[in-house]
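# Notes for the structure review
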Amino acid sequence: MTRWLTDDEQRAWRAFALATRLLTDRLDRELLAAADMPSTYYELLVLLSEAPGRTLRMSELANWTNSKPSRISHAINKLEQKGWVRREHCADDRRGWLAVLTDDGFAALRAAAPRHVAGVREHLVDLLTPEQIRHLEDISRVVLDHLAAEPGSSPPSR
């Protein structure tokens, strides 16, 4: 038997779903306009910038972004064309590939980061009180923990 959402649950769900879509779209449009960089590329550059040696296995990037390997490979190809990333063979795994953030890629990330951070502040963080920020994190972690625990879903928590 279906447990339908109550009116309160329905309003909360719809507000959350629409706000998430609109926020993601706004941040993406702003980043594209300011840095000619889609948010998906920005996310990959951030992950690489935070990794030891600014290097991650392609499979790790796919895992972190909850993406298919073919999608990551396509994105890395585009980032290689821009000179922001280079691909290298894994020394310990002949079939494995590494993505390495180049100095030009790091510079592009540094140039794009202020616009991204300003957008996150303007459209989310500065709208909320510190208590609401804590609640947002708590709620998000509950959902992430639940979704990461499902079979076939294992994005690492950061």
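Below you will find a few notes about this structure. Only a predicted model underlies this, so the values are computations on that prediction, with no experimental measurement involved. (Residues numbered from 1 in each chain as written. Predicted model: local features only at pLDDT ≥ 70, side-chain atom pairs only at ≥ 80, totals over all residues. Heavy atoms only, no water.)

## Quick look at the overall build of the protein
Here is the rule we go by: Helix and strand definitions here come from DSSP, where helices need a minimum of 4 consecutive H or I residues and strands a minimum of 2 consecutive E residues; each element is numbered from the N-terminal end. Exposure is judged per residue with a 1.4 Å probe applied to protein chains only, and the accessible area is read against the type maximum: over 50% gives exposed, under 20% gives buried, and values in between give partly exposed. The contact criterion used is simple: two residues touch if any of their non-hydrogen atoms lie within 4.5 Å. Computed with the Shrake-Rupley method and a 1.4 Å probe, the accessible areas treat only the protein chains shown as cover for residues. By the counting scheme adopted, Arg and Lys are positive, Glu and Asp are negative, and His together with the chain ends is not counted. By convention, the point assigned to a charge is CZ for Arg, NZ for Lys, CD for Glu and CG for Asp.
A count of helices and strands for the protein gives six helices and three strands. The order of helices and strands in the protein, counted from the N terminus, is α-α-β-α-α-β-β-α-α. Principal-axis analysis of the C-alpha atoms gives the protein an extent of 55 × 40 × 25 Å. Taken across its 158 residues, the protein has 24% of its residues classed as buried. Within the protein, contacts between residues separated by at least 24 positions form 51% of all contacts whose residues are at least 6 apart in sequence. Surface summary for the protein: the accessible area is close to 11,200 Å², and the carbon and sulfur share equals 56%. Here the protein contributes 22 positive and 23 negative side-chain charges, whose respective centroids are spaced 4 Å apart.

## Focus: the packing of aromatic side chains
Our working rule: Pairing of aromatic rings covers Phe, Tyr and Trp, the last counted by its six-membered ring, and requires centre-to-centre distances within 6.5 Å; plane angles under 30 degrees mean stacked, over 60 mean edge-to-face, and any other angle means tilted. Note on geometry: a ring has a charge over it if NZ (lysine) or CZ (arginine) is within 6 Å of the ring centre and within 35 degrees of the ring normal.
Within the structure shown, the criterion is met by one aromatic pair. Positioned above the aromatic ring of Phe-106, the side-chain terminus of Arg-54 is 4.8 Å from the ring centre.

## Notes on a nonpolar patch on the surface
Spelled out, the test is: Candidate patch residues must exceed 30% relative accessible area and have no salt bridge, after which like charges are joined if within 9 Å and Val, Leu, Ile, Met, Phe, Trp or Tyr side chains if within 5 Å. The working definition used for a salt bridge is a side-chain nitrogen of Lys or Arg within 4 Å of a carboxyl oxygen of Asp or Glu.
On the surface, a nonpolar cluster with roughly 350 Å² of combined accessible area is contributed by Leu-5, Trp-13 and Phe-16. Position of Trp-13 among the secondary structure elements: in helix H1 (residues 7-35).

## Digging into the pairing of strand E2 (residues 85-90)
Under the convention used in this document: Each pair of strands is called paired provided DSSP finds at least two bridges between the two strands.
Where E2 and strand E3 (residues 93-101) come together, six bridges link them in antiparallel fashion. By the bridge assignment for E3, His-89 is matched with Trp-97. Hairpin connection, E2 to E3: the antiparallel pair is bridged by two residues.

## Things to note about the nonpolar core
The test is simple: For this analysis, a nonpolar core means a set of buried residues of the types Ala, Val, Leu, Ile, Met, Phe, Trp, Tyr and Cys, connected via side-chain atoms within 4.5 Å.
Counting 25 residues, the largest nonpolar core has Met-37, Leu-45, Leu-61, Ile-76, Leu-79 and Val-85 as its most contacted members. Element by element, the count of residues in this core is highest for helix H2 (residues 39-50), at seven residues. If we skip the residues at most four places from it in the chain, Ile-76 touches Leu-44, Met-58, Leu-61, Val-85, Arg-87 and Ala-99.

## Quick word on unusual backbone geometry
Residue Arg-54 is not a glycine yet carries a positive backbone phi of 50°. As for its placement among the helices and strands, Arg-54 is situated in the loop between H2 and strand E1 (55-57). A relative accessible area of 22% means that Arg-54 is categorised as partly exposed. For Asn-66, which is not glycine, the phi torsion reads 55° and is therefore positive. You can see Asn-66 is positioned in the loop between helix H3 (58-65) and helix H4 (69-82). Assessed through its relative accessible area of 61%, Asn-66 is described here as exposed.

Honestly, that's just the spatial picture; any functional story needs more than this.
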